[in-house]
Amino acid sequence: MYRKTFIFLIILTLFRLSHPIFSIQAENTPVQPGVVDLRILETTDLHASLVNYDYYQTKVDNRIGLVQTATLIRKARKEVQNSLLFDDGDHLKGNPFGEYLARIRGIHKGKIHPVYRAFNFLHYDAIAIGNHEFNYGLGFLNTVVKGAKMPVLNANVFSVKKKKPYFTPYVILKRNVIDQSGKKHKLNIGVIAFMPTQIMRWDKANLEGKVIANPIVDTAKEFIPIMKSKGADIIVALAHTGISSAPYSDESENAAYYLTTIPGLDAILAGHSHNVFPGPVYKNYPNTNIEEGQINGKPVVMAGAFGSRLGIIDLKLKKINGKWVVLNGISFTRPIANDSGSPLIKKDKRLYQLIKKEHQETVDFINKLGL
Ligand SMILES: [Zn+2]
């Protein structure tokens, strides 16, 4: 009897291995032909935190660092068929590593800034310029941006001289996506980026007479019909701006809440204020669902700062009468460390190797100064 049961179990195990359709997951979630799951990943406000290291105290800090977020990125990509990765800006300045690279070492012609080297290595699909990107001047920024292998976007900063957007305002990414039944589809994902207009005050010396900044919501309303006419099936906003439900004005620094009210925008990646959305800070905001990560029914995510979290938006899309429709969109974030600072994942060693040289130079420089 025992022997018969044993043989039966072996046959069943082999059968299950060769027929994954019988897995428990497949039984619980019936396949919906034509439905595409698209995962959107966000890093934001990295502030040059590539390594899990506190340069002020010259010691390891596992609560920060893209070398750790990178492991979450790989894991989140592996879980799904279709994914995109974006950075929401403020990635060049904010710690001694960024300072050393910009003010001491410099980025020489043809060399790639370690932050952009990391973005290239991790295959970001597009990145946004944040307000702090202007802190080292337009010359430095223009040199650094040349090293990016992905579109570098912003739609609301205009060149005074050229009378057009200073950066590439938006891009339409053409991607093949796979639906739940395994069928391939073509999807055009529009991506547009914004930043606070306060740059004109914060970086007056670097920007006055060279650029002007237009209001975020007006700029979105101007570009969305253009992007739609150029074939964007869905539109993602890389909104380097925080979330505030205070009444909107042209001067609103944190305008992500109001971007959710604009028809045509399907997913909003917020940033700038270093908060976490969905999160308890926003639980009493009007029309805000912190369980599903939605504001006014739209998925929004904000992944803190310094690589502490990965932001994730999961969209469900379906083509209905020839048009892609967002059936549902939810958001959440994943931390790299627990509350006491113990890492929840291992760092990406290959990424660390790529940027180790400049990291070590920075540490040596700090040690030499005796800070
Ligand atoms: Zn910012």
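Residues numbered from 1 in each chain as written. Predicted model: local features only at pLDDT ≥ 70, side-chain atom pairs only at ≥ 80, totals over all residues. Heavy atoms only, no water.

**Student:** Can you help me understand the sheet that holds strand β8 (residues 164-165) in this one?
**Tutor:** In any sheet, the strands associate via hydrogen bonds between backbone groups, in a parallel or an antiparallel arrangement. With antiparallel pairing, 3 strands are arranged side by side in an open sheet as β8-β7-β11. Sheet topology places β8 and β11 (211-213) at the edges, where each strand pairs with a single neighbour. Pairing of strand β7 (residues 157-159) with β11, which is carried by 3 bridges, proceeds in the antiparallel orientation. Residue Phe 158 lies in a different strand from β11, and its bridge partner there is Ile 212. (Pairing = 2+ DSSP bridges. Helix = DSSP H or I, 4+ residues; strand = E, 2+ residues; numbered from the N terminus.)

**Student:** How do you make sense of the coordination of the zinc ion when you look at a structure like this?
**Tutor:** For a metal bound by four donors in tetrahedral geometry, the ideal donor-metal-donor angle is 109.5 degrees, whereas six donors in octahedral geometry ideally sit at 90 or 180 degrees. Here the zinc ion is held by Asp 90 (OD), Asn 131 (OD1), His 240 (NE2) and His 272 (ND1), and the distances to it run 2.1 to 2.2 Å. Spacing between the donor residues of the zinc ion along the chain follows D-x40-N-x108-H-x31-H. Of this pair, Asp 90 sits in the loop between β4 (82-87) and α4 (96-105) while His 240 sits in the loop between β12 (234-239) and α10 (256-259); the two residues are 150 residues apart in sequence, bridging distant segments of the chain. By relative accessible area, which is 1% here, Asp 90 ends up buried. (Donors = N, O, S within 2.8 Å, 3.2 Å for Na, K, Ca; no water. Buried < 20%, exposed > 50% of the residue type's maximum accessible area, 1.4 Å probe, protein only.)

**Student:** Quick question: what am I supposed to make of a nonpolar patch on the surface here?
**Tutor:** Residues Ile 320, Val 325 and Leu 327 make up a contiguous nonpolar surface patch of about 220 Å² in total accessible area. Topologically, Leu 327 is positioned in strand β19 (residues 323-335). (Patch = residues over 30% accessible without salt bridge, like charges linked within 9 Å, V, L, I, M, F, W, Y side chains within 5 Å. Areas by Shrake-Rupley, 256 points an atom, 1.4 Å probe, with all protein chains shown as cover. Salt bridge = Lys/Arg side-chain N within 4 Å of Asp/Glu carboxyl O.)

**Student:** Even after reading the chapter, I still don't get the packing of helix α5 (residues 114-121) against helix α11 (residues 349-369), so can you show me in this structure?
**Tutor:** When two helices pack together, their arrangement is given by the angle between the helix axes and by the axis-to-axis distance. One way to put it is that α5 packs onto α11 with a least axis distance of 10 Å and a crossing angle of 165°. The orientation of α5 with respect to α11, classified from their angle, is roughly antiparallel. Crossing handedness for the pair α5 and α11: right-handed. Every residue of α11 that contacts α5 at Pro 114, Arg 117, Ala 118 and Phe 121 is listed here: Arg 350, Leu 351, Leu 354, Ile 355 and Glu 358. Looking at the contact of α5 with α11, its residues break down into 6 nonpolar, no polar and 3 charged. (Axes fitted to C-alpha atoms, helices over the stretch in contact; angles between N-to-C directions. Parallel < 35°, antiparallel > 145°, perpendicular 65-115°, else oblique. Left-handed = near helix turned anticlockwise from the far one by under 90°. Contact = heavy atoms within 4.5 Å. Nonpolar A, V, L, I, M, F, W, Y, C, P; charged D, E, K, R; others polar.)

**Student:** What is the right way to look at α5 in this model?
**Tutor:** Because an α-helix packs 3.6 residues into every turn, residues spaced three or four apart end up facing the same way. The buried fraction of α5 amounts to 6 of the 8 residues, a majority that puts the element mostly inside the structure. Within the sequence span of α5, burial applies to Pro 114, Val 115, Tyr 116, Ala 118, Phe 119 and Asn 120. His 123 lies just past α5 and shows a positive phi near 55°.

**Student:** Help me understand the pairing of strand β9 (residues 170-178), please; the structure alone is not making it clear to me.
**Tutor:** Two faces make up the sheet, and in a regular strand the side chains alternate between them. Relative to strand β10 (residues 184-194), β9 runs antiparallel, the two sharing 9 bridges. Across the sheet, residue Asn 176 finds its bridge partner in β10, namely Lys 186. The antiparallel hairpin formed by β9 and β10 contains 5 residues in its connecting segment, where Gly 182 sits at a positive phi of about 95°.

**Student:** How should I be thinking about unusual backbone geometry in this particular structure?
**Tutor:** Phi is mostly negative for residues that are not glycine, and the peptide bonds are mostly trans. The omega torsion of the bond from Phe 277 to Pro 278 falls at 0°, within 30 degrees of zero and hence cis. For Pro 278, the location among the structural elements is in the loop between β14 (276-277) and β15 (288-289). Residue Asp 90 is not a glycine yet carries a positive backbone phi of 60°. In this structure, His 272 is a non-glycine residue whose phi angle is positive, near 75°. Locating His 272 in the fold gives a position in the loop between β13 (267-269) and β14.

**Student:** Before we go on, may I ask you to explain the environment of His 274 in this structure?
**Tutor:** Of note, His 274 is situated in the loop between β13 and β14. His 274 sits in the partly exposed class, given a relative accessible area of 31%. Put simply, His 274 and Thr 241 are 33 residues apart on the chain and 9.8 Å apart in space, counted from C-alpha to C-alpha. Residues within four places of His 274 in sequence aside, it is in contact with Asp 45, His 47, Met 302, Gly 304, Ala 305 and Phe 306. Within the structure, His 274 has its side chain in polar contact with the side chain of Asp 45 (distance 3.3 Å). At 3.0 Å, the side chain of His 274 forms a polar contact with the side chain of His 47. (Polar contact = N/O pair within 3.5 Å; in protein donor to acceptor, adjacent residues only side chain to side chain.)

**Student:** Mind showing me how you'd approach the domain arrangement of the protein here?
**Tutor:** For an interface, size is often stated in terms of accessible area lost upon the parts coming together. Segmentation of the protein into domains returns domain 1 (1-30) and domain 2 (34-369). Here the C-alpha centroids of domain 1 and domain 2 sit 44 Å apart. (Domains from an automatic or database assignment.)

**Student:** Can you help me understand a negative patch on the surface in this one?
**Tutor:** Among the surface-exposed residues, Asp 218, Glu 222, Asp 250 and Glu 251 lie close enough to one another that they form a single negatively charged patch. Summarising the element assignment, Glu 251 is placed in the loop between β12 and α10. (Lys, Arg positive; Asp, Glu negative; His and termini not counted. Charge placed at Lys NZ, Arg CZ, Asp CG, Glu CD.)

**Student:** What is the right way to look at the sheet that holds β19 in this model?
**Tutor:** With respect to topology, 6 strands assemble into an open sheet ordered β6-β5-β4-β1-β18-β19, the strand pairing being mixed. Each end of this open sheet is capped by a strand with a single partner; those strands are β6 (152-153) and β19.

**Student:** Looking at this structure, I do not really get the pattern of salt bridges. What am I missing?
**Tutor:** If the charged atoms of two oppositely charged side chains come close together, the side chains can form a pair. In total, this model carries 14 salt bridges according to the counting rule given. One salt bridge in this structure joins Lys 75 and Glu 79, with 3.2 Å as the shortest N-O distance. Owing to a relative accessible area of 43%, Lys 75 belongs among the partly exposed residues under this scheme. Look at the salt bridges and you will find they share partners, linking Arg 39, Lys 75, Glu 79, Asp 314 and Arg 334 into a network.

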